[in-house]
Amino acid sequence: MKALFIGGTGTISTAIVKRLAEDPLWEVWVLNRGNRDDVLPEGVNRIVADIYDEADVAKKLEGMEFDVVSEFIAFHVDAVERDYRLFRGKTKQYIFISTASAYHKPAAGYIITEGTTLANPHWQYSRDKIACEEFLMRKYREEGFPITIVRPSHTYDERNVPLGVHGRKGFYQVIKRMMDGKPVIIQGDGSSLWTVTFNRDFATGYVGLMGNPHAIGEAFQITGDESLTWDQIYQTIADALGVELKAYHVASEYLSAVGDKYGYDFEGSLTGDKSVSVVFDNRKLKRAVPTMQTTVRFDQGVRIALDYVLSHPECQVEDPEFDDWCDRVIAALEASKASV
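Residues numbered from 1 in each chain as written. Predicted model: local features only at pLDDT ≥ 70, side-chain atom pairs only at ≥ 80, totals over all residues. Heavy atoms only, no water.

Draft legend 1. Structural context of the overall build of the protein chain. Within the protein chain, the secondary structure is distributed over 12 helices and 14 strands. Taken against the 2.2 N^0.38 rule, which gives 20 Å for 340 residues, the C-alpha radius of gyration of the protein chain at 21 Å falls within 12% of a compact globule. Expressed as lengths along the three principal axes of its C-alpha atoms, the size of the protein chain is roughly 70 × 45 × 40 Å. Going through the 340 residues of the protein chain one by one, you find that 53% of them count as buried. About 14,900 Å² of surface is accessible on the protein chain, with carbon and sulfur atoms providing 50% of the total. With 38 positive and 50 negative side-chain charges, the protein chain shows a spacing of 2 Å between the two charge centroids. (Helix = DSSP H or I, 4+ residues; strand = E, 2+ residues; numbered from the N terminus. Rg over C-alpha atoms; globule rule 2.2 N^0.38 Å. Buried < 20%, exposed > 50% of the residue type's maximum accessible area, 1.4 Å probe, protein only. Areas by Shrake-Rupley, 256 points an atom, 1.4 Å probe, with all protein chains shown as cover. Lys, Arg positive; Asp, Glu negative; His and termini not counted. Charge placed at Lys NZ, Arg CZ, Asp CG, Glu CD.)

Okay, here's the thing in structure tokens:
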């Protein structure tokens, strides 16, 4: 079996590539610009190219065919249109990474299945992914283009700690605030339910869909089965750090309003995603991939991540601008309370 990964070095795809590289049944190819080849295991075949240079990619892929093409870095419909031109007739399965944020916000119920309506008026990112799905499903229905759609939710690895509210430079400044004894902002009242998935568990579900005839023309959400409140998520992180959690709850609408002027898109990432309670019904995936299960609980995964981050200085990216913004938001709300 021959698989091509477009991207292949991200949070999700790295775990999948590593797993397949250990399987003698798979011949693994990765197409990217070669900027993070150090994370790829031995035995992976590399094609160095910019996927957006369609002519160059077509030339480098000339004469090649694949059992599976896995797309991880397409965010707009023109990207999947390009892939359709490149791989039509050259692959037995094209797997597109969409997003669980494409589901209707707010949904009619908190139990999410693959049949939940796709609509997100709060986040352009999600609407673009929906447009990609619609194009691919149309090509499947009209021409038999062998697509599979995968919708991840919040997947993390040893280099990332999942959070709700953080700045443009990522999660670390929130971790530093916890270690410094400062309050950290949690959206809403902290009681909404969320699902986080360690990338090794995600890889189990994804690999099980590769070359799977029951996956053609279908959409699958791949998440863990563990649901936590946001307060539980932050408390688990604080416990792993051995510090007191000083939670400061702020309404998502307020965060969107005061974050927008500083370039923080909290309407999309919170109102359009993380502030809404969701519990994923994964029975469809488990019928297609019976081996899918949660093997890394969040309390275990977050310790793996923190151990790695705190021992690798390159992961400790500070964000003074976001730190100052948090302090000003908290001070403004405290002043408002005192003035009433």
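There's more to say after this.
Draft legend 2. Spatial organisation of a nonpolar patch on the surface. Together, Tyr 52, Ile 73 and Phe 75 make up an exposed nonpolar region whose accessible area comes to about 270 Å². Relative to the helices and strands, Ile 73 resides in the loop between strand S4 (68-71) and helix H3 (77-87). (Patch = residues over 30% accessible without salt bridge, like charges linked within 9 Å, V, L, I, M, F, W, Y side chains within 5 Å. Salt bridge = Lys/Arg side-chain N within 4 Å of Asp/Glu carboxyl O.)

Draft legend 3. Summary view of the sheet that holds strand S5 (residues 94-97). Pairing within the open sheet is parallel, and its seven strands lie in the order S3-S2-S1-S4-S5-S7-S11. Pairing within the sheet leaves two strands with one partner each, and these edge strands are strand S3 (45-48) and strand S11 (218-222). Here the average twist between neighbouring strands, direction ignored, is 20°. By the bridge criterion, four bridges tie strand S1 (residues 2-6) to S4 in an arrangement that is parallel. Paired with Phe 5 across the strands is Ser 70, a residue of S4. On top of the sheet, helix H6 (residues 199-209) reaches S1, S4, S5, strand S7 (147-152) and S11; it is set at about 165° to S11, its chief contact. (Pairing = 2+ DSSP bridges. Axes fitted to C-alpha atoms, helices over the stretch in contact; angles between N-to-C directions. Contact = heavy atoms within 4.5 Å.)

Draft legend 4. Quick peek at the nonpolar core. Grouped together as the largest cluster of nonpolar side chains are 48 residues, with contacts concentrated most on Ile 185, Tyr 234, Ile 237 and Trp 325. What Ile 185 contacts, discounting residues up to four positions off in sequence, is Val 165, Tyr 234, Tyr 248, Val 250, Leu 255, Trp 325, Cys 326, Val 329 and Ile 330. Of all hydrophobic cores here, the second largest spans 30 residues; its members include Ile 97, Val 150, Leu 209 and Ala 288. (Core = buried A, V, L, I, M, F, W, Y, C linked by side-chain atoms within 4.5 Å.)

Draft legend 5. Up close: helix H1 (residues 11-21). What H1 keeps buried is the set Ile 12, Ser 13, Thr 14, Ala 15, Ile 16, Val 17 and Leu 20. On the buried face of H1, the contacting elements are S1, strand S2 (27-32), S7, strand S8 (154-156) and H6.

Draft legend 6. Broad picture of the packing of aromatic side chains. Under the defined criterion, the tally for this structure stands at 17 aromatic pairs. Between Phe 72 and Tyr 206 the ring centres are 5.5 Å apart and the planes differ by 35°, which places this aromatic pair in the tilted class. Note that Phe 72 is positioned in the loop between S4 and H3 and Tyr 206 in helix H6, a separation of 134 residues in sequence. Ring centres of Tyr 264 and Phe 266 lie 5.7 Å apart, and the angle between their planes is 40°; on these two criteria the pair is classed as tilted. The residues Tyr 264 and Phe 266 share a single accessibility class, namely buried. These aromatic residues form a ring-pair network of at least three members: Phe 5, Phe 72, Phe 202 and Tyr 206. (Phe/Tyr/Trp six-rings, centres within 6.5 Å; stacked < 30°, edge-to-face > 60°.)

Draft legend 7. Quick look at the sheet that holds strand S10 (residues 193-198). The three strands lie next to each other as S8-S10-S12, forming an open sheet whose pairing is mixed. The open sheet is flanked by S8 and strand S12 (227-229), the only strands paired with a single partner. With direction set aside, neighbouring strand axes in the sheet form an average angle of 45°. Across the sheet, helix H7 (residues 230-241) is in contact with S8, S10 and S12; its angle to S12 comes to roughly 85°.

Draft legend 8. Geometry of the environment of Asp 50. With respect to the helices, strands and loops of the structure, Asp 50 is situated in the loop between S3 and helix H2 (54-60). Residue Asp 50 is classed as partly exposed on the basis of its relative accessible area, which comes to 33%. Between the alpha carbons of Asp 50 and Gly 7 there is a distance of 9.8 Å; along the sequence they are 43 residues apart. With sequence-adjacent residues up to four places away left out, Asp 50 is seen in contact with Arg 33 and Val 57.

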